[in-house]
Amino acid sequence: MYGWIWRHLPGNSWVRALISLVLALAVVYVLFQYVFPWAEPLLPFNDVTVDGQ
Amino acid sequence: MARARSRIAGAVSVFGELLITAGVLMGLFVAYSLWWTNVLADREAGRQGDKVRDAWTAKTPSGPGALDTDGGLGFLHVPAMDDGEVLVRKGTDPETLNGGVAGYYTDPVASAQPKDAKGNFTLAAHRDGHGAKFHNIHKLRTGDAIVFETRDTWYVYKVYKTLPETSKYNVDVLQPVPRESGRTKPGRYITLTTCTPVYTSDYRYIVWGELERTEKVDGDRTPPAELRAS
């Protein structure tokens, strides 16, 4: 899977490494900005109030 | 034969990569929950807190007991928790609490205000992530001070009872007279609630305090003795 991505990136090893790094950072950004804030309330880790429901 | 084997090897390696990816994802989620949400929440709480303090100094008193619940109504200081000051705002919905503040309950049992003659001032805040303002709630012992600061008054509460574990459906802890804490008469109480054990929210941790005295805020905002000691 990752090997497939690596083979399809353009340029020599250095360029590919750089692109990989940028891609990884982009994925982390999307996760922190959109995916985790969406997922967090669905997971039972951080409910702090008492309520009747 | 060789082709079949290489196909199996390919499938195994993709499966392995998926497992590694899942592990990294979970690790990132932990980093997000326990670190990044704190960064965001502390930044937001700092901004809101500054706004409240600015409003306190800028505004001339606008009528008796004018209450600005929009930006927040005051700061909670708990020396035993060692978390600095905690801005208190209205409401306990996630959007409010995720801003790194403590919220006072409007539902299911509406909180009293500290200035009320009788009632229970009930607060909730995060144990982990989002500022983790009540992270050290387990360090509170009977007799420890909980100080609430408003524009004009320091309210000094003393802890008299802690409940390390209760059901999340136990809304009776929020009653104006919290009988579960052993009190039967109306008084001026404060109740802190958060989740427990740490990193999960299977149960709720409750701390009750009772108002000991109030102090007028002076020109220098000299804190009461309880806060000067630390």
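Everything below is about the structure shown above.
Remember, it's a predicted structure, so these values are computed and weren't measured experimentally. (Residues numbered from 1 in each chain as written. Chains lettered and ligands numbered in written order. Predicted model: local features only at pLDDT ≥ 70, side-chain atom pairs only at ≥ 80, totals over all residues.)

With that settled, consider the overall build of chain A. Helix and strand counts for chain A stand at two helices and zero strands. Its C-alpha atoms give chain A a radius of gyration of 19 Å, clearly above 10 Å, the size a compact globule of 53 residues would have. Its C-alpha atoms put chain A at 60 × 20 × 10 Å along the principal axes. Residues classed as buried in chain A amount to 9% of the 53 residues present. (Helix = DSSP H or I, 4+ residues; strand = E, 2+ residues; numbered from the N terminus. Rg over C-alpha atoms; globule rule 2.2 N^0.38 Å. Buried ≥ 20, exposed ≤ 12 C-beta atoms within 10 Å, placed from the backbone.)

A word on the overall build of chain B. Helix and strand counts for chain B come out as three helices and eight strands. Secondary structure of chain B in N-to-C order comes out as α-β-β-α-β-β-β-β-β-β-α. Computed over the C-alpha atoms, the radius of gyration of chain B is 22 Å, more than 25% above the 17 Å expected from 2.2 N^0.38 for a compact globule of 230 residues. Expressed as lengths along the three principal axes of its C-alpha atoms, the size of chain B is roughly 90 × 40 × 35 Å. Here the analysis covers contacts within chain B between residues at least 6 apart in sequence; of these, 60% occur between residues at least 24 apart. (Contact = placed C-beta atoms within 7 Å.)

The terminal C-alpha atoms of helix α1 (residues 2–58) of chain B lie 80 Å apart, and with 57 residues this matches the ideal 84 Å at 1.5 Å per residue to within 8%. Maximum bend of α1 of chain B: about 40 degrees, positioned at Tyr32 of chain B. Those residues of α1 of chain B not exposed but buried are Tyr32, Thr37, Ala41, Ala45 and Val52 of chain B. Packing partners of the buried residues in α1 of chain B comprise α2 (13–39) of chain A together with β2 (85–90) of chain B. (Expected span 1.5 Å × (residues − 1). Bend = angle between axes of the 7 residues up to and from the residue.)

What follows deals with the interface of chain B and chain A. Listed as interface residues are 30 residues of chain B and, on the opposing side, 17 residues of chain A. Elements supplying a minimum of two residues to the side of chain B that touches chain A: α1, α2 (94–97) and β7 (188–196) of chain B. The element best represented in the side of chain B that touches chain A is α1 of chain B, accounting for seven residues.

A few words on the sheet that holds strand β4 (residues 119–124) of chain B. Through backbone hydrogen bonds, the strands of a sheet pair up, either in parallel or in antiparallel fashion. Residue and element names in this part refer to chain B. Read around the closed barrel, the eight strands follow the order β1-β2-β3-β4-β7-β8-β6-β5; overall the barrel is mixed. Here the average twist between neighbouring strands, direction ignored, is 30 degrees. Across eight bridges, β7 lies against strand β8 (residues 203–216) in antiparallel orientation. In the sheet register, Thr193 faces β8, and the bridge partner there is Ile206. (Pairing = 2+ DSSP bridges. Axes fitted to C-alpha atoms, helices over the stretch in contact; angles between N-to-C directions.)

Residue and element names in this part refer to chain B. Here strand β6 (residues 153–166) pairs with β8 via 11 bridges, running antiparallel. Counted as the bridge partner of Thr162 is Val207 from β8. Where β7 hands over to β8, the hairpin turn is made up of six residues, of which Tyr199 adopts a positive phi near 75 degrees.

Once that is clear, we can look at unusual backbone geometry. Residue and element names in this part refer to chain B. Cis geometry is found at the peptide bond from Asp107 to Pro108, where omega equals 5 degrees. Relative to the assigned elements, Pro108 resides in the loop between β3 (102–104) and β4. Here the bond from Thr196 into Pro197 is cis, since omega is -10 degrees, no more than 30 degrees from zero. With respect to the helices, strands and loops of the structure, Pro197 is situated in the loop between β7 and β8. One non-glycine residue, Tyr199, adopts positive backbone phi at about 75 degrees. With respect to the helices, strands and loops of the structure, Tyr199 is situated in the loop between β7 and β8.

Turning next to the pairing of strand β5 (residues 145–149) of chain B. All names here are of chain B. Where burial is concerned, most of β5 is hidden: five out of the five residues are buried. By the alternation rule, side chains of β5 split into Ala145, Val147 and Glu149 and Ile146 and Phe148, which are all buried. Sheet analysis places strand β1 (residues 74–77) next to β5, joined by three bridges and oriented antiparallel. Looking at β5, one finds that Phe75 is bridged to Glu149. Sheet topology places β5 next to β6; five bridges connect them, and they run antiparallel. Looking across to β6, one finds that Ile146 is bridged to Tyr157. Between β5 and β6, which pair antiparallel and follow one another directly, the connecting turn spans three residues.

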